[in-house]
Every structure is written in C-alpha cells, then in structure tokens.
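Observations on the model geometry
One-letter residues, chain by chain:
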Amino acid sequence: MKFDTPATSNPIDQLKVVGHPVDRIDGPRKTTGTAPYAYERHDVARNQAYGHVLGAGIGKGRVTAMDTAAARAAPGVVAIVTTLDMPRLEKGPRNTASLFGGPDVQHYHQAIAVVVAETFEQARDAAAMIRVEYARQPGRFDLAAEGPKAQLASAESGEGGAAPQEDRTGDFEGAFARAPVKLDETYTTPDESHAMMEPHATIAAWDGETLTLWTSNQMIAWGRTDVAKTLGIPEENVRLDSPFIGGGFGGKLFLRADAVLAALGAKAARRPVKLALARPLMANNTTHRPATIQRIRIGAQPDGRITAIAHESLSGDLEGGGPETAVAQTKLLYAGANRLTAMRLAVLDLPEGNAMRAPGEAPGLMALEVAMDEMAERLGIDPIAFRVVNDTQVDPEAPDRPFSQRQLIECLRTGAERFGWSRRSATPGQRREGRWLVGMGVAAGFRNNLVMASGARVRLDGSGGVTVETDMTDIGTGSYTIIAQTAAEMMGVPLDRVTVRLGDSSFPVSAGSGGQWGGNSSTAGVYAACVKLREAVAQRLGFNSAEAVFADGEVRAGNHSAPLGQAAGADGMVAEDTIEYGDLAKRYQQSTFAGHFVEVGVDAATGETRVRRMLAVCAAGRILNPKSARSQVIGAMTMGVGAALMEELAVDKRHGFFVNHDLAGYEVPVHADIPHQEVIFLDEVDPISSPMKAKGVGELGICGVGAAVANAMYNATGVRLRDYPMTLDKMIDRLPQVV
Amino acid sequence: MRPFTYERARSPAEAATAVARQPDSKFIAGGTNLLDLMKLQIETPAHLIDVNGLGLDRIEATPEGGLRIGALVRNTSLAADERVRRDYGVLARALLAGASGQLRNKATTAGNLLQRTRCPYFYGTAQPCNKRQPGSGCAAIGGVTRQLGVIGTSEACIATHPSDMAVAMRALDAVVETIRADGTARRIPIAEFHRLPGETPHIETAMARDEFITAVTLPPPIGGRHVYRKVRDRASYAFALVSVAAVVQRDGTGRVALGGVAHKPWRVEAAEAELPRGAKQAMAAILDGAQPTHDNAFKVTLAERTLASVLAEARG
Amino acid sequence: MRVNGDVRAIQLDTRTTLLDALREHLQLTGSKKGCDHGQCGACTVMVNGQRIYSCLTLAVMHDGDAITTIEGLGQPGNLHPMQAAFVRHDGYQCGYCTPGQICASVAALEEIKAGVPSHVTADLMAMPQVTAEELRERMSGNICRCGAYSNIVDAITEVAGRQA
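Residues numbered from 1 in each chain as written. Chains lettered and ligands numbered in written order. Predicted model: local features only at pLDDT ≥ 70, side-chain atom pairs only at ≥ 80, totals over all residues. Heavy atoms only, no water.

A short note on the domain arrangement of chain C
Residue and element names in this part refer to chain C. Quick note on the threshold: Where a domain begins and ends is set by an automatic assignment or by a domain database. Here, two residues are considered to be in contact whenever any of their heavy atoms come within 4.5 Å of each other. What gets called buried area is simply the loss in accessible area from a 1.4 Å probe that two parts show on being joined, summed for both.
In terms of domain boundaries, chain C breaks down into domain 1 (2–73) and domain 2 (81–163). Using C-alpha coordinates to define each centre, domain 1 is positioned 21 Å away from domain 2. Counting residues at the interface gives 16 residues for domain 1, matched by 17 residues for domain 2. Interface area, domain 1 with domain 2, both sides summed: about 1,400 Å², of which 58% is carbon and sulfur. For the domain 1 face of the interface with domain 2, the top three residues by lost area are Arg51, Ile70 and Leu73, together amounting to 42%.

Description of the confidence of the model for chain C
The cut-off we apply is this: The quantity called pLDDT is the predictor's confidence in a given residue, expressed from 0 to 100.
Summing up the model confidence of chain C, the mean pLDDT is 97 and the portion of residues at 70 or higher is 99%. What the predictor reports for the complex is a pTM of 0.98 with an ipTM of 0.98.

Quick look at the state of the cysteines
Selection criterion: We call a pair of cysteine sulfur atoms a disulfide when they lie within 2.5 Å. A simple rule labels every residue: compare its accessible area, found with a 1.4 Å probe on the protein chains alone, to the largest value its type can have, and call it buried under 20%, exposed over 50%, or partly exposed in between.
Using the criterion set out here, one finds zero disulfides over all chains in the structure. In this model Cys119 of chain B remains outside any disulfide bridge; the closest cysteine sulfur is found in Cys129 of chain B, 6.2 Å from its own. For the unlinked cysteine Cys35 of chain C, the closest cysteine sulfur is that of Cys40 of chain C, found at 3.8 Å. Judged by its relative accessible area of 4%, Cys35 of chain C is buried.

Regarding the pairing of strand 17 (residues 338–347) of chain A
Residues and elements named next belong to chain A. Going by this rule: Where helices and strands are cited, they refer to DSSP runs of H or I of at least four residues and of E of at least two residues respectively, numbered from the N terminus. Only strands that DSSP links by at least two bridges are regarded as paired with each other.
Within strand 17, eight of the ten residues are buried, which leaves the element mostly enclosed by the surrounding structure. With two bridges connecting them, strand 8 (residues 151–152) and strand 17 associate as antiparallel partners. Of the residues in strand 17, the one forming a bridge with Leu152 is Arg344. As judged from the four bridges shared by strand 9 (residues 166–169) and strand 17, these two strands associate in the antiparallel manner. Each bridged residue has a counterpart across the sheet, and for Arg168 the counterpart in strand 17 is Leu340. Here strand 16 (residues 306–317) runs beside strand 17; their pairing, made up of ten bridges, is parallel. For Leu314, the partnering residue across the bridge sits in strand 17 and is Arg344.

Structure representation (structure tokens):
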C-alpha cells in the first residue's frame, strides 16, 4: 500500500481496541520469566557450546602476536578463533569500526578472539590464558584537542535527524551583530552508554551453508544483510530471530561482535555456540552516544522575537564515521529569519560513536533549551512566554512547508498549568526547604517523526483467529501489543484472538525499532496487510468490500453476515503487504512536541541534585496505547535525568578508552533517583503521518529533559551549568556558604 | 575465574589452618566482593574455604557494656539490630547507606572490612596497577581520578577504601578480633587495621595471611548525636564521593571519620579538638596535607561543606 | 538445593554461580544475567526467604538451601499478585530486569514487615512503613534502564496495600 495522500477515515478510527490502555499481551510472559531472550534458548539447537569474547587491551595499534597454546590446552576448550586467523572482515555500511579480523586495533576492547568451550566457566577461564602482544600507536582521544582539525560534516537522515554540514538562511552574522539582546555560549555533553540490561548475546548454529542466529537485534533486516556481507555468505542463507530484546536504545541497531563471533565460533567448533558480551566489555566494544561541544548564538529583539540563531556542534568518531546531529532541531524549533547550523567532525580513535535514543536531538536540546532559558532571563521574559513568541507553524527555512501538526504552545501551556509554573520565582535561589534549594525548570521537547516502509503478513484461521507475522521487534516499546490492537481493530476480533509473532527474518521486512518510527510504521504495515485480507475475505464471501463491516468476529454487508472463520475456511487465508510512503514527508514537516517540566532539590551544602517532580506533556499524533506509550515517555524521562545528572563515559585521554566500563562505574538512575512521573498526551491525530495517524513518542520523551533539569537547577541555586553531567563538583565552589 | 577447590570449614581455627596449609587459598563468606574479583581474575585463589558455617553470626553484649559482632553477621542483620540502632546509630546509618538490600543480605561484617578498592584502574585488568600486580605501576595517576583519594596517597597508589561501615566503626573505635592458625588471638584497633598504600598498596590490612577475623567489638556507647552522611552522584546503590561519620556531643565536641578520601577510613583524632570551632577549622586539620588531583580537588571543599551540614544536623 | 519446592541434585564446577546453575543447568532462565557482577539486580532470587544477587554466590555454597526464583512465584495463567500488579501498572518494558524487580519487591515488603530499616527510614527506632520513598530506596539495587521505576513503585504499593 502506498501512502501518499493524507489519511481519510478508516477502520482504525473506530477506536474499539486501538487507543485503549490495554495491558501488554506479553506481560504474563515477561513477569514470569518465560519470555525467552537470545541467550536463553536451550531448545533451539542441541549441544550448544559456550563462547567467550576477548577484547583488545589497547586503544590503538596492532596485535603482533597471540599465544593461544595454554588456552587450547585448557579443559573443555573446543575451538579458538583469533583476529590473526583471518583478514579484516567486510563490514556492513552501518558499521564504522570493523567487528573482527586482522591485526589492526581501531579501539579499546575491540574483539580479538573467541574461545569456545563446553562450559561458560571453561570458556571464560581459557580466554584469560591467551597472551597478546601489541604494538601500540599514538591515538587521538581528546575531542576538544582535535576540534581545530575537525572538518565540516553532514548527516544523512538515518536513525537521527538529517542536517547538511552547514546550512544558512538569511544573514546570521549581520542580524546577530545588530541584535540588541544576545547570547553566545558553549555547552558540552559527554559520551554516553546505552547500558541496556540485556547484554548483546547470540546463539549461532550452522546447518551446512545456512546460518541461524538467535540474537538480540532491533533491526532484523539490517542485521541479516550485514551478517551476510560480513561473513561473505548469501543473504538467503542467513536467518535472524529476536522475539524478545532486553533493551536496545540504539545499541542493538547494528550487527555487533556477539553475532559475528558466535557464527565464527560455531563454524570452528562445528556445533552451535552461545555467547554474550561480558558487561565490562560492552562500553568499549560496542557503540556509544558521542560527546559534543556545542556553540549556540541567539540574537533577539527586546520583545523576545529571535532575529538570529546559530547552532554549531563538534563531535568525534572513528575514521569514516559520522557526526552527532545535535543541530537538527535548531533548524525547525523556533522562528527567526537569519539562521545558521553547522557540524564538525573530528577523527577520534575512541570506540565507535553511533545512534543512542534520539540521536541528535537528545544532546542538541540539552544545549539549545538551556540557551533558550538563559536568553529568556536576559530578555526578562518568562521562559514559556519566550518560546511562545518564537513559535512557528511552518519550517522556518522553507515557509511554504507547514508542520503537519504542531502543538508546542499547547504542550507548554497545559504543562505550566498542571505543574504550577506560576509558583516559580523568576529570580533564582529563592526557595529553600530544609537542606534543599528548590527550583523549577522547563524545556521544549522536539523530535522528528520518521516513517519507514514496513511489511506484515496476516493469517486468518478457520476459527476466526488472527495471526500477524512481521520481522518488527519489541524492545520494550510495546510492539506486540499495539500490533495486536491494530489487527484486532481491523479484523473486528477481540484482542485475545490475535497472535503476534515478531523478530524473525523469515517474516516480512518491517520498519524495525529505531528513530521512534517503529510504533507508527509497523502498525501501518499491519494495517496495509489487514486491508488486503479484508478485501480477500469480503470477496470470498461475495460481499462488497467497500461496504463490509468487520466487527464482533463477523463480517457484515447489507443484511448479510458471516463469521470471520467461515470465510477463512479450513485452510485459512493469508494476506501480506507493505506500507510505503510517498512524498508527504517532503511536503509537510512531521515532528513531535513536548513540554518538559522538572522540579529539583539541590542540597545547599553538598550540591547533590535530586529530582522531586516531573511532567511531560506530549503531542505526538494518535496514541495507540496510552499505557505503553506513557511507559515509553517515563522511561525516556528517566534516561534524560541520567544524562542530566550522572551519565558520562569517562575518557582516559592517554590510553584511549572509557574507564568506567561497567554498571558500577557508569551510573544510570536507580529507583531512588526518580520521583512519580506524570505524562499528558494532548489529543491529536495526524493524517499526514500514516493511516494510523500516529507518530512516535519513545524518543520524544528524552528530548529536552536534560535541559529542563539544568534549568531547574539554575532556578534552585543561581548557578548556571553548561557541562553535562551536572555533577556536584561543577558547582560546589559556587554554592552559597553553609550556615 | 580460575578453577579452585572448595571446602567448608568447621571452626575458626580450622579455617585459619586450612588457609595456612595452602598458599593460594582464601576464605569466602558473603562472596559479594571476592567473586566479583575472581570473575575478572583480579583474585585468583586455587582453594576456597567457606566459613559461612562457623556460627559467627551473633551479636552479643560485652562485659564492658559494648557489643561483640560476629564476623559473619550480615550487614542487614547488623543494621537491624535494636542495640545498634539505639546506641550506635552512626553504624546502622552507614550500613544502610552502603550497597543494596540484596548485597547487604549477603555481605558480612568481616568481609565488608576486607573489601577492596573500586578504583577503575584496579578493575581495568589491561592497565597497570600496583595493587593488582605489585610493581606494574599506577595507571590511575594522571588518569581519570574523580573518585580517587585525596589524602594519604602515595606515588604507587591513590585508591580509596570503599566501605561505609568501616568509616562508622572508625569513629566508634571498633576493635577487630582475629585468630591465627596456631591459635593465637589478637585484638587490632580499627585505626591500625587498614593501611595506607605507601610502596606496598597490595598489602591493605594489618592481618597476616593465615589470620581470620572472628568478631568486631564496639566499646560501650558514647551517646551523642550520630550522623552518617554519604554524598554520591546518584541517590542510592553508589559508592561515596565523600562520606562523613560523626558522633557529636551536646557541648559540640565529638568524633569525625571520613570515607571516600583515602586508602582507609580517615580520622585524625587530634583534629577533633577543632570541632567546636566549626567545620572549616576542623576539616582543615583533618585534611591537612591533602594532595588532591585536578579532578578530585572538589572533595576537599565537599568534605568541609558536608561536615558543616552534619554538624548543623547534629546541633538541630 | 530445593528450587521452587523441588529438590534438585546437580553436579557442578565449583566456579558455577547460583545464577548459572539456575539458567544453564536447571534451564530456569527467568533469573537474568545483566552484569554478572552485582551491579544491576537482574539476577535477584530468594534464598531461604532473603533476596540476594544469584550472580555473586557460588552454587556449591547453597547445599540444602531453599531457592525461590521468578518461576516459583507464579506462571502465566497463575500469576503471583506482584506479577499481576506489574502487568496492570506496566511496571516493565523490555522485561529483562523484570523477574529481578519482582523477586526483589516481594522480599522487600517482607523486610519492611520484619522491621528492617533503610537509608531513608527517618527514625531508626520506629517500625518502617510502606511509603513510596521507602520502596524507591529499597528497590534501588534493581536497575531498570527502560525506566519503569515510577510504574514499579505503583505496582508494589498496590500489592502492599492489599496485604496490609
């Protein structure tokens, strides 16, 4: 189905099942521990051996020798494959760092060997017996130091927002020079780790030339293509299966070393191999959100109207990598005739930087929305009023291109009322409660809505049961449930008559999970397949498909009706289709919006910051399931708190690695860091986005949270921090004396 | 983890004898630190002596009016003991500020004293570390040091001791009771139990290799207001940037020990005379001679401000 | 060992943790391995009624102990009240930390009942109460990177209320 004109009314609009906060259909399995994750599939292949991955102990250089004699002789060892056994493997276009093969070490903890043994304990112990000699080379590990050498770089619309390397509208420099009120500040965000709870894990089994990978991957079709390319085998010989994924956040978008080394290990061992990356390996072996240094300049008239706005971002990556698109939102969020965005990319020899939840906008808004708060103060205008003044209903770079929906002002106003914004003192440092300095902050949330082609197969059986198959993944997002809701709505059956099967590359190729496109796109694919199935059912029953009503397990047309199962017959019926998109995304700017409100307490003595209240008001199209959508948003808000207050991969700039590479050293929020969180979804349907009229929320929820925390901290203390994470050491010298 | 043999000891003396007999052996109790380190081959015992069955899990009153805490009393039980909550609040608070509920259910009193540093370079096994591999050098110096020591450090090591419990015990003048394979018992004041790194950072305590902790005794209660303030980036389940254990009397005198700043719980008795004059004077004396790095210099300011807050709480 | 009420005799490498014994040898994969170093809580099980991290204890040290895992609390179609409350409140997303959260929360309520204080208990001499603040502190040894915390606390609060 080609979606190239705005949606009109369709069966989804009935909202009998879609739009309801139903419990997740996979809930009973997840809460009883019976949902099988990649490493746990004892049943899929007999005689599984255990693999253990060894990572390089240097940041840059070459492996000159590997002594595996002791490891090969160790009890239980079945096979060892080292990086010196083969030339550097091909890699898929989505990977920057090579995953295995050859002597070159591009980054710390790059995989250099896999040991396969009868037991986990034997494999781990034997891997530690491998003696490795290195020739170290000097590397580039310091983003700020490499900044002057950085080149302008553009970013394609991949998982993040797109932006040209430099983008100009009007005359920024002239307008900024003339602006009576201006700001020119620099903000920094650190490298961050996805730190999903389930480590990257794979069971690999060869059957002759065909390879099956039971793995944990957000994008099954990408993974399949890239496995084939990396291993030099035909794509049709590869099957991936990821029915349950223990979190991804972008860290499992791409093929990683676990899958490659399980496959190589299984080949060498001539039997199935299971392995998981050890937690201390993950931060350096896999990808991370790259650090940024962002300069923002804003010029405005005394009434608050922005006349000039510039956002420039510097980030780093390995040779051949791309920039963090931290300027993307600044192209679209606020009005202003004179604009400049630019991105520079430094070559670094740190591990690969790549997408993490809301790549681009998440760190970009951490800077922009603090700058907006600072600017509002300079103008003497309330930060919400300042944003309202600069709202735009069209793409400010191309005014003939409207937003399909844009309710940013409503988000902010609704939030202000609900949060009690009027009780905030515009002068910082005014509210003290016991040990705590208390303040409120606001930030706009913005994330583009991306749409992706997505396919599904829908099967109707003789009893009226519906089964959906698609290679879509559920990484905690609720895909199982919203897909079931979509099929139930379309076919007119109760939710419990729908079975959903996901994550298998033998199913139709879907949008996959990334860029907050998954919910809208994958359900639109199911919608398309259901439309086809409805037509086939109506035809078989001899009904006019335009008149046919699917409800209560029946099909009705005129005064005829028939049970759905009757149409399917004993053999059942199947329909398959893919939703594809026309140029609506070019003609309309599709984005999602939020108002984030945060109240913090800052310990007046120690500078410890604790979040006391949080509210997000979101406008993101039709909400397919308010319960799971709300969870996406609170989860993203939680990650935003982490980014604001504690998360940082600390770089050893001498040796080139992330030092705090485990969950004790890389702190993410725990229960005690997170208060009760409130989420409001504004009523919105967006017929431009898809037949579902939905958009994404999973990344919108993090966009702006960090800045709202920063602004609340400023309101509490009068100390303005521009370097994340905003830990107490950065303000302890600027807090008032302890009485 | 290297292969090891395993036995269950039946008495403290037998445990000490077993360790003396086999050079690569270690006691295991809660296991929460040892197994973590064994998985990374930072600890590589060839033989483990499980001491969990020794019955050292009681908390008893001493004839002097103090408490004798069995070596195997779990952190949860110790913090929940009514006498500890009533008379040694600083200790209960320190225990509850440490780790998580699950870890406190396993971690023992003796094991907590013996836990090893959380310096990331000690854990980063590809890096040199004098504590892990004596003589290999210290990668932490000149590296990422935000969490590391500011006082009592050496050119060989700038690690900190991670315990909260031990900081409170230092303030309370606890005494560690041990027994050796030959049956000799001794009492080690906690001030002498942990060592500064000097040139031998791998030697962390005053214990001999075949020495086994049987108990920790607390002197009779000293009254006063008990406060333990742990400062950390996240609100729970994190190691201290700085912690302050304080027992403050009505007249403003008191005791203060610090965590997160040194290779051992840090207390300077002589400096406590300054306490009535306030946190600034007291902390200047306590941290006299501190040599922080660029990244952890904030700990000096933080310690002073935290103490000021603690003293205010104790007064109020 | 007694696992979920059944006596299970297994021969193991001394190095095998309780977690790996459950997951790899007894194929009870409900207990999760998130970090294998006591830093995440996904492996939480109850041993003789107390919650612990099963990754930081050796199986050989649990001769004769009674182990309760998530599989022992309830099954699909026969959910434990805490499991049902997690479903109702959407106290999970990816599901990987969930069994650990549920085991930890069941045990945490027992700890409150038994009078075990926490870091946030204001008065060490008073009986601790079930409050959101207490639950957040007591559950902090279980990381949920998806960030379901707010919903998890709601789920536990509901169960505690029903128990009271």
